[in-house]
Amino acid sequence: MLRRALPHLAIFAAILGLWEAAIATGLIRSIMVPPPSAVMAAMVKLYLVEGTIYRHFFITLWESVSGFAIGAGIAIALATGSALWEPFRRYVTPYAIVLNVTPGIALTPVIIAWFGYGIGSKVALAAVLCFFPIFVNTLTGLTRPDRDREELFRQLGASDAQLFFKLRVPAALPLMFAGLKIGLTTALIGAVVAEFSQATEGVGVLMSRFSFQLNMGASIATLLSMTAIGLLLFYSMEFIDDRMVFWRREARREAASRARARAWKARRGD
Amino acid sequence: MALAPDPMGVALRRGLTHAGLFLGLLLLWETSARLGWLNPLFYPRPSDILLSFGRIYVTQGNVWYHLYVSLGLVFTGFLAGSILGVALGSLVGLNPTVRRFLQPYVIVLEATPRIALAPLMIAALGFGAPSKIAIIMLVCFFAPFINTLSGVINVNEEKLELFRALGASKWQILRKLVLPDAVPVIMAGERLALTAALSGVLVAEFIQRDKGIGSLILTYTRNLNMASAFACIFTLTIVGFLIFKGMEWLDRRIAYWNHDADMARVSARRKARWEAR
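A.B. asks: I keep staring at the overall build of chain B and nothing clicks. Help me out?
C.D. replies: Looking only at helices and strands, one finds eleven helices and zero strands in chain B. Each helix (α) and strand (β) of chain B, taken in turn from the N terminus, gives the series α-α-α-α-α-α-α-α-α-α-α. For 277 residues, the compact-globule estimate of 2.2 N^0.38 gives 19 Å, and chain B exceeds it by more than 25% at 25 Å. Principal-axis analysis of the C-alpha atoms places the extent of chain B at approximately 80 × 70 × 40 Å. The buried share of chain B, taken over its 277 residues, is 35%. Considering only contacts in chain B between residues 6 or more positions apart, those separated by 24 or more positions represent 73%.

A.B. asks: How should the domain arrangement of chain A be read in this particular structure?
C.D. replies: Note on interface size: it is often stated as the accessible area lost on association of the parts. Residue and element names in this part refer to chain A. Under the domain assignment, chain A is made up of domain 1 (1-33) and domain 2 (34-263). Placing the centre of domain 1 and that of domain 2 at their C-alpha centroids yields a distance of 33 Å. In this complex, domain 1 contributes seven residues to the contact, which on the side of domain 2 involves six residues. Of the residues in the side of domain 1 that touches domain 2, the class split is five nonpolar, one polar and one charged.

A.B. asks: Explanation requested: the interface of chain A and chain B in the structure shown.
C.D. replies: If you look at the interface, chain A gives 38 residues, while chain B gives 35 residues. Of all the secondary-structure elements, those providing two or more residues to the side of chain A that touches chain B are helix 1 (2-24), helix 4 (86-101), helix 5 (108-115), helix 8 (160-197), helix 9 (203-212) and helix 10 (216-244) of chain A. Per-element accounting of the side of chain A that touches chain B gives the leading share, eight residues, to helix 10 of chain A. Class assignment for the residues of the side of chain A that touches chain B results in 27 nonpolar, ten polar and one charged.

A.B. asks: Looking at this model, I keep getting lost on unusual backbone geometry. Mind explaining?
C.D. replies: For residues besides glycine, phi is generally negative; the peptide bonds are generally trans as well. The residue L214(A) is not glycine, and still its phi comes out positive at about 55 degrees. Unlike most non-glycine residues, L224(B) shows phi in positive territory, near 55 degrees. Residue classification places L224(B) among the partly exposed residues on the basis of 13 C-beta atoms within 10 Å.

A.B. asks: I would appreciate a short explanation of the packing of helix 2 (residues 36-49) of chain A against helix 10 of chain A in the present structure.
C.D. replies: When two helices pack together, their arrangement is given by the angle between the helix axes and by the axis-to-axis distance. Residue and element names in this part refer to chain A. In contact at an axis separation of 8 Å, helix 2 and helix 10 are set at 65 degrees when each is read in the N-to-C sense. The orientation of helix 2 with respect to helix 10, classified from their angle, is roughly perpendicular. The hand of the helix 2/helix 10 crossing is right-handed. Each of A38, V39, A41, A42, M43 and L46 in helix 2 lies in contact with helix 10, whose residues at this interface are G217, A218, I220 and A221. Residues belonging to the contact of helix 2 with helix 10 are distributed by class as follows: nine nonpolar, one polar and no charged.

Parameters and conventions
- Residues numbered from 1 in each chain as written.
- Chains lettered and ligands numbered in written order.
- Predicted model: local features only at pLDDT ≥ 70, side-chain atom pairs only at ≥ 80, totals over all residues.
- Helix = DSSP H or I, 4+ residues; strand = E, 2+ residues; numbered from the N terminus.
- Rg over C-alpha atoms; globule rule 2.2 N^0.38 Å.
- Buried ≥ 20, exposed ≤ 12 C-beta atoms within 10 Å, placed from the backbone.
- Contact = placed C-beta atoms within 7 Å.
- Domains from an automatic or database assignment.
- Nonpolar A, V, L, I, M, F, W, Y, C, P; charged D, E, K, R; others polar.
- Axes fitted to C-alpha atoms, helices over the stretch in contact; angles between N-to-C directions.
- Parallel < 35°, antiparallel > 145°, perpendicular 65-115°, else oblique.
- Left-handed = near helix turned anticlockwise from the far one by under 90°.

Below, the structure written as structure tokens:
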């Protein structure tokens, strides 16, 4: 592990060293690209000494997560409705397609006018932006037919509800989670873009404030906090995905079966 | 119900229901705006939006210039960003060592909302077209890069074995096996990139409002001229649709072996040429 990480670290250090040297010798102007030392200093200041970034960090995190929850809820509800009821799908799809080809970001000023300067407009933009990938992936997953299995279910006398919950939903879950992962990333973009346009708090505000002060070190430090939000969101979704779609990985499947066997035994009173 | 419903009649009836539903929605919107249930300051009436379409396209005709500016930026940034993405993607994909050392950076970059770099770009490059193009390049770069990378890496092992067994050179393997298999994936990446470019130009224009469709939307909204803002947004819907269709067309041209009809067309043309020779 350490042996493999070592070359990576060496290269990283070399890049930083070259970068620092290029700026120290005036090869790159420090106003355009900040030296790593300035980024480090800004990070220490923002994260440790002043600690100002945490409030903004959690505000943006909250905006994107709640926007995502709203967008994903609507998307999954509409997709389930469309999958279950053919006429509904016919009437919803054209509007969904129109929403998809419109760049959702174009709605930013309008959404700010509608929902105000506060947190509401950021949540709304995040919800609008994350809607489509979730909708389309859930719908595709739910309507992907598996004729053989469906026939088997029918022959064993499964009810419509059983057919839906035991066959179509599990088959749709992997695709749905792929959509949810894309949706989380776009929700974060929505929150940040709305913050650029009009806001008083959040990492997007910090970012544009530091940039326009030409405080490049601090703005890169802020950018890294957005990376942290992105990684945090992505890996939490990955974790949930891994738990819910437990049959995809061998190890997870075995763990899930063991847990079920234990629950079964406990119920029998052994 | 007839035993054999004629498909034309069904299509017509469905189309009519769609149109009826759409008109009904518009009517509901219009009446609720007229009756004052919806504040016309924030929620423009459909008729107003239609009038604004007439104004910005015909009477004032100001949208054309802004559209021209924005689309020029979109295509410049898209070309530069996606060429860079495909070039770096194939470079990295074909070289396992480079790939291993670049992986952590790719993961970090993937999690960062690239568009968040927009203010930084403006600060570094100043106001004007260069910083906007840089922002578009940045949002365009990633999808082609990742897709080229995965397209080049995921070579069909069995086919590769066959190529090797038949003594294909490295160049032949690249030209006849790796590239044809990677092109559809790369094209999917390009499609994503062009859509992202449209969003990128809007964000760039929101931040530095001078010209372009994004700044037009922002100006109209700030003046609470919502009908015109919506006319601009629907213009972007049309642009988005045309971009979508255009990329589909390009995909069929470039990766013709993926679509049966286009494959047949190309092979018929090749056959004709061969016979003529």
